[in-house]
Amino acid sequence: MTAAEFVATLGGENQAALRGLEPDATLKPELAGALNVPNLLKVALRNEIEATEIAARWLVATDDVRVKMAFARQAGDEAKHFRLIGDRLKQLGFDPDAIDPLAGGFGPLFTYLDSLTTTVERVAAGQFTREAIAVVKNRQFIEFCDRVGDKDTAALYRDTIEPDERYHHELGRRLLLRLATTDEAQRAATAAARRTLALAEELQKKALATAGIHHAPGC
Ligand SMILES: [Fe+2]
Ligand SMILES: [Fe+2]
């Protein structure tokens, strides 16, 4: 397969898998406490810090300038999301500085992503697939905010966060077109994408156990 055919196929497989994610079922198992905007924003804080950290780790782990700058751009955006979400929590009456999003340690998706050693796997999992999941989840979160009448949080996600996450996915697509050129690279990329989807699905199905929150709006 050419890289272009491969990326189209992988994107199609991802989209088919993501259609299985139902709005409330996606959100519910991932948070401690009631299903409301502040609790979901606290989950989002954790996702943003994990996304920042993994992009930063991968940025220093490659000599490829285009890959480096793609991860740099992503790390900056995710850190910006972290700040914007903190600001929104403050407006809603919560002190973001009193929340430690990493109190429970890094989650299983982060741990998996951190274990990947090749750039093609990292881009396939962390950008092309994880960011496609983020786009779907954020769209669901925006609908949820609209439904409960939180126009400002909906606008934050609709106007700023979601377009950034979409751009991260696009960065992943462009890099994959350049990197997924051999059978071996395509096999590795497919496996990494599938594992990422499986982990995301597992996390959303799993009732909240001991360590706290995992994967939810905005990463
Ligand atoms: Fe992102
Ligand atoms: Fe983000």
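Look a little higher up for the structure.
Draft legend 1. View of the overall build of the protein chain. Along the protein chain, the regular secondary structure elements total eight helices and zero strands. If you list the helices and strands of the protein chain from N to C, you get α-α-α-α-α-α-α-α. Per-residue burial for the protein chain yields a buried fraction of 51% across its 219 residues. Long-range pairs, those at least 24 residues apart, make up 83% of the contacts in the protein chain with a sequence separation of at least 6.

Draft legend 2. Structural detail: the coordination of the iron ion (ligand 2). Here the iron ion (ligand 2) is held by Glu48 (OE), Glu48 (OE), Glu78 (OE), His81 (ND1) and Glu165 (OE), and the distances to it run 2.0 to 2.7 Å. Read in sequence order, the donor residues coordinating the iron ion (ligand 2) give the pattern E-x29-E-x2-H-x83-E. The metal-metal distance between the iron ion (ligand 2) and the iron ion (ligand 1) comes to 3.9 Å, with glutamate 78 coordinating both. Residue glutamate 78 and its partner histidine 81 are both found in helix 4 (residues 65–91); the two are separated by three residues, about one turn of the helix. Grouping residues by exposure puts glutamate 78 and histidine 81 together as buried.

Draft legend 3. Quick look at the packing of aromatic side chains. Scanning the model with the defined rule gives three aromatic pairs in all. A centroid spacing of 3.9 Å and a plane angle of 15° characterise the contact between phenylalanine 106 and phenylalanine 110, whose relative ring orientation is stacked. Relative accessible area serves as the criterion here: at 31%, phenylalanine 106 is assigned to the partly exposed category. Its guanidinium or amino end placed over the ring of tyrosine 112, arginine 195 lies 5.9 Å from that ring's centre, counting from NZ or CZ.

Draft legend 4. Highlighting the pattern of salt bridges. Scanning all chains against the criterion turns up 13 salt bridges. Residues aspartate 64 and arginine 178 are paired through a salt bridge, measuring 3.1 Å at the closest nitrogen-oxygen approach. Of this pair, aspartate 64 sits in the loop between helix 3 (37–60) and helix 4 while arginine 178 is found in helix 7 (residues 151–179), placing the two residues 114 residues apart along the sequence. Here aspartate 64 falls in the partly exposed class, since its relative accessible area comes to 25%. For arginine 178, a relative accessible area of 29% puts it in the partly exposed group.

Draft legend 5. Seen up close, the environment of glutamate 53. Counting through the fold element by element, glutamate 53 comes out in helix 3. In this structure, the C-alpha to C-alpha distance between glutamate 53 and alanine 75, residues 22 residues apart in sequence, is 7.1 Å. Filtering out sequence-adjacent residues up to four positions away, glutamate 53 remains in contact with Phe106 and Phe110.

Draft legend 6. Expanded view of helix 3. Over its 24 residues, helix 3 extends 35 Å from the first C-alpha to the last, a length consistent with the 34 Å expected when each residue adds 1.5 Å. With 17 of 24 residues buried, helix 3 lies mostly within the body of the structure. Between a side-chain oxygen at the N-terminus of helix 3 and the backbone nitrogen of asparagine 39 the separation is 2.9 Å; the capping residue is asparagine 36.

Draft legend 7. Structural detail: the nonpolar core. Grouped together as the largest cluster of nonpolar side chains are 30 residues, with contacts concentrated most on Leu113 and Leu176. Mapped onto this core, the elements with two or more residues apiece are helix 1 (3–18), helix 3, helix 4, helix 5 (108–115), helix 6 (119–147), helix 7 and helix 8 (183–205). Broken down by element, this core gets its largest block of residues, six residues, from helix 8. Once you skip the residues sitting within four places of it in the chain, leucine 176 turns out to touch Ala3, Val7, Leu10, Val120, Val123, Ala124, Phe128 and Ala189. Leu41, Ile85, Ile142 and Tyr157 belong to the second-largest nonpolar core, a separate cluster that totals 16 residues.

Quick notes on the rules
Position labels on residues start from 1 in each chain and follow its written sequence. Starting at A for chains and at 1 for ligands, labels are handed out in the order in which the entities are written. At least 70 in pLDDT is required for a residue's local features to be given in this predicted model, at least 80 for side-chain atom pairs to be given and counted, and no such filter applies to totals for whole chains, interfaces and linings, which use all residues. The side-chain numbers reported here are obtained from all heavy atoms of the structure, hydrogens and water having been left aside. A helix here means a DSSP run of H or I that spans at least four residues, while a strand means a run of E at least two residues long, and both kinds are numbered starting from the N terminus. In this scheme, a residue with accessible area under 20% of its type's maximum is buried, one over 50% is exposed, and one in between is partly exposed, where area comes from a 1.4 Å probe on protein chains only. When checking whether two residues touch, look at their non-hydrogen atoms; a contact exists if any pair is within 4.5 Å. Any N, O or S atom lying within 2.8 Å of the metal counts as a donor, and for Na, K and Ca the limit rises to 3.2 Å; water is left out, so some sites can look incomplete. Only Phe, Tyr and Trp rings are paired, with Trp represented by its six-membered ring, and only when their centres lie within 6.5 Å; those with planes under 30 degrees apart are stacked, over 60 edge-to-face, the remainder tilted. Placement of a charge over a ring requires the Lys NZ or Arg CZ to be within 6 Å of the ring centre, with the centre-to-atom vector within 35 degrees of the ring normal. Counted as salt bridges are all cases of a side-chain nitrogen of Lys or Arg within 4 Å of a carboxyl oxygen of Asp or Glu. Each residue after the first adds 1.5 Å to the expected span of a helix. In the analysis that follows, any N or O atom pair within 3.5 Å is treated as a polar contact, provided that within protein one partner can donate a hydrogen and the other can accept it, and provided that, for residues neighboring in sequence, both atoms belong to side chains. To qualify as a nonpolar core, a set must consist of buried Ala, Val, Leu, Ile, Met, Phe, Trp, Tyr and Cys residues joined through side-chain atoms within 4.5 Å.

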